[in-house]
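Topology and contacts: notes
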Amino acid sequence: MQYKRIIIKVGTNVITQENGLLNEPVLKELVSQIAQLKKKGAEVVLVSSGAMGAGRPFVRLREKCNRVLERQILAAVGQTRLMNTYDRLLQKHGFLCAQVLATKEDFRDRRHYLNMKSCLEGLLQDEILPIVNENDVISVSELMFTDNDELAGLLSAMLNVEALIILSTVDGVMDRDPKEKGAKVISVVKPKHKNIHEGITSEKSLFGRGGMLTKCRIAERMSKLGITTHIANGKTKNILLDIFNNKSAGTLFPPAKKVSGIKKWIAHAEGQERGIAIVNKCAEEVLVAKDKAASLLPVGITKVTGDFEKGDIIRVENEKGKRVALGVAQYSSQKAKEFIGKSGKKPLIHYDYLFIIN
Ligand code: GLU
């Protein structure tokens, strides 16, 4: 696949050795492949874990140091080592890299979101490789991303990429416990593939498939957003080039459909809703109908809760409390309450700003 714009995510285990030191030969190999893709004109963003791992061999922590502080210190020390290594290796291919650190909050706040997006777009235009990691110094406990797979998924939606490549130390999604004889990599997970994660219980992840469940969930989410995901082994020689050259490598999750950039942002705004519009059965049917594009009109709304302003994200629910959609309100909750059930009024959410939850 000759992708124009991609996100590559590498996990800590891919780029660190068992003793915790960065694995230079693997990093060299990955950087060389990224450089080749860039030379072919691909726009690449790298999401790299490994800061904590890279810091661990060098820091002697005080006994009283708690887990949160430990994580912060290790990542703060390791992040510079990680970036230095990438920078040194990339320079040999004539490219510059840039460090971008993000927190979950940056995806909730529209201004932070747009600032980050415009910086990343600028770096891509200047052919600089953005290397993104979670800002582990600030992101503690509930502020944290589930993991960098989640961060890579959010960035993929933000930058409207064609593909997300998740590199770990397993060859892809397996059809059964990898320790079982005859276990094989599933090469393609079609959008309609039922219960792909049933075979990957959290129990099974203890057998060496840790994190595969989140990876699959993210890949499925990407598919709904129109983005292809590859899950593959980052230690396999030429893995990135093979993916680009259409050679069967790892597991591929093809996209289900095309979705606009703004809708991708809205899709990831769950949890930030300022209010709820409850709709009747008829309005729900119109909104979810696959064959036409419908906006949310006040005539189908039976109740409005919360206190929102024009531009805020709100949720649409049916009368049984099922989530139907997320969207950007075109006017305030006060006005929406006045318009409930009335026909001939401006849509509360315009179709272009409405994301239907499947
Ligand atoms: N941000 C963490 C680090 O650089 C990694 C998080 C993850 O592994 O997903 O060490």
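Here the structure is a predicted model, which means the values were calculated and not measured. (Residues numbered from 1 in each chain as written. Predicted model: local features only at pLDDT ≥ 70, side-chain atom pairs only at ≥ 80, totals over all residues. Heavy atoms only, no water.)

Counting secondary structure elements, the chain contains 13 helices and 12 strands. What you see for the chain is a C-alpha radius of gyration of 22 Å, in line with the 21 Å of a compact globule of 358 residues. With the C-alpha coordinates of the chain rotated into their principal frame, the extents come out at 65 × 45 × 40 Å. Taken over 358 residues, the chain has a buried fraction of 50%. Surface summary for the chain: the accessible area is close to 17,800 Å², and the carbon and sulfur share equals 50%. A distance of 3 Å separates the average location of the 56 positive side-chain charges in the chain from that of its 40 negative side-chain charges. (Helix = DSSP H or I, 4+ residues; strand = E, 2+ residues; numbered from the N terminus. Rg over C-alpha atoms; globule rule 2.2 N^0.38 Å. Buried < 20%, exposed > 50% of the residue type's maximum accessible area, 1.4 Å probe, protein only. Areas by Shrake-Rupley, 256 points an atom, 1.4 Å probe, with all protein chains shown as cover. Lys, Arg positive; Asp, Glu negative; His and termini not counted. Charge placed at Lys NZ, Arg CZ, Asp CG, Glu CD.)

With that settled, the discussion passes to the site of the ligand. Inspection of the region around the ligand gives T12, S49, G50, A51, M52, N133, D136, D147 and N148 as its neighbouring residues. Here D136 contributes a side-chain N or O atom positioned 2.9 Å from a nitrogen atom of the ligand. When the ligand sits alone it has 300 Å² of accessible area, and the protein chains cover 83% of it. (Near = heavy atom within 4 Å. Polar contact = N/O pair within 3.5 Å; in protein donor to acceptor, adjacent residues only side chain to side chain.)

Bringing the pattern of salt bridges into the picture now. A side chain with one charge can pair with a side chain of the opposite charge if their charged atoms come near. By the definition in use, this model includes 15 salt bridges. As a salt-bridge pair, K117 and E121 come within 3.7 Å of each other at their nearest N and O atoms. Residue K117 and its partner E121 are located together in helix 6 (residues 110-125), separated by four residues, close to a single helical turn. By relative accessible area, which is 25% here, K117 ends up partly exposed. Since its relative accessible area comes to 22%, E121 is described here as partly exposed. Counted as one network, the salt bridges with shared partners bring together R5, E43, K117 and E121. (Salt bridge = Lys/Arg side-chain N within 4 Å of Asp/Glu carboxyl O.)

Counted according to the given criterion, the structure contains four aromatic pairs. Aromatic pair Y3 and F244: ring centres 5.7 Å apart, planes at 85 degrees, arrangement edge-to-face. Within this pair, whereas Y3 is found in the segment before strand 1 (5-10), its partner F244 is found in helix 10 (residues 239-244), the two being separated by 241 residues in sequence. The same class applies to Y3 as to F244, namely buried. On the basis of an interplanar angle of 70 degrees and a centroid distance of 5.3 Å, the ring pair of Y331 and F339 is categorised as edge-to-face. Summarising the burial analysis for this pair, Y331 and F339 share the class buried. (Phe/Tyr/Trp six-rings, centres within 6.5 Å; stacked < 30°, edge-to-face > 60°.)

Looking at the chain as a whole, the pLDDT averages 88, with 94% of positions reaching at least 70. For residues 201-210, every residue scores under 50 in pLDDT, and the model assigns this stretch 15 contacts once sequence neighbours within four places are set aside. (pLDDT = per-residue confidence, 0-100. Contact = heavy atoms within 4.5 Å.)

Here the focus is the sheet that holds strand 1. Read from one edge to the other, the open sheet built from seven strands follows the order 3-4-2-1-5-6-7, with strand pairing classed as mixed. This sheet does not close on itself; its edge strands, each paired only once, are strand 3 (97-102) and strand 7 (251-253). Strand-to-strand, the axes of this sheet are offset by a mean angle of 20 degrees, without reference to chain direction. Taken together, the six bridges between strand 5 (residues 163-168) and strand 6 (residues 228-233) define a ladder with parallel strand orientation. Along strand 6, the bridge assignment pairs I165 with H230. Along the sheet face, helix 9 (residues 212-224) touches strand 5, strand 6 and strand 7 and points at about 155 degrees away from the line of strand 6. (Pairing = 2+ DSSP bridges. Axes fitted to C-alpha atoms, helices over the stretch in contact; angles between N-to-C directions.)

On to the side chain of N318. As for its position among the elements, N318 is in strand 10 (residues 313-318). On the accessibility criterion, N318 (9% relative accessible area) is buried. Separated by 3.4 Å, the side chains of N318 and E284 make a polar contact. A distance of 2.8 Å separates a polar atom in the side chain of N318 from the backbone nitrogen of K320. When sequence neighbours within four positions are dropped, the list of residues in contact with N318 reads I278, V279, E284 and V324.

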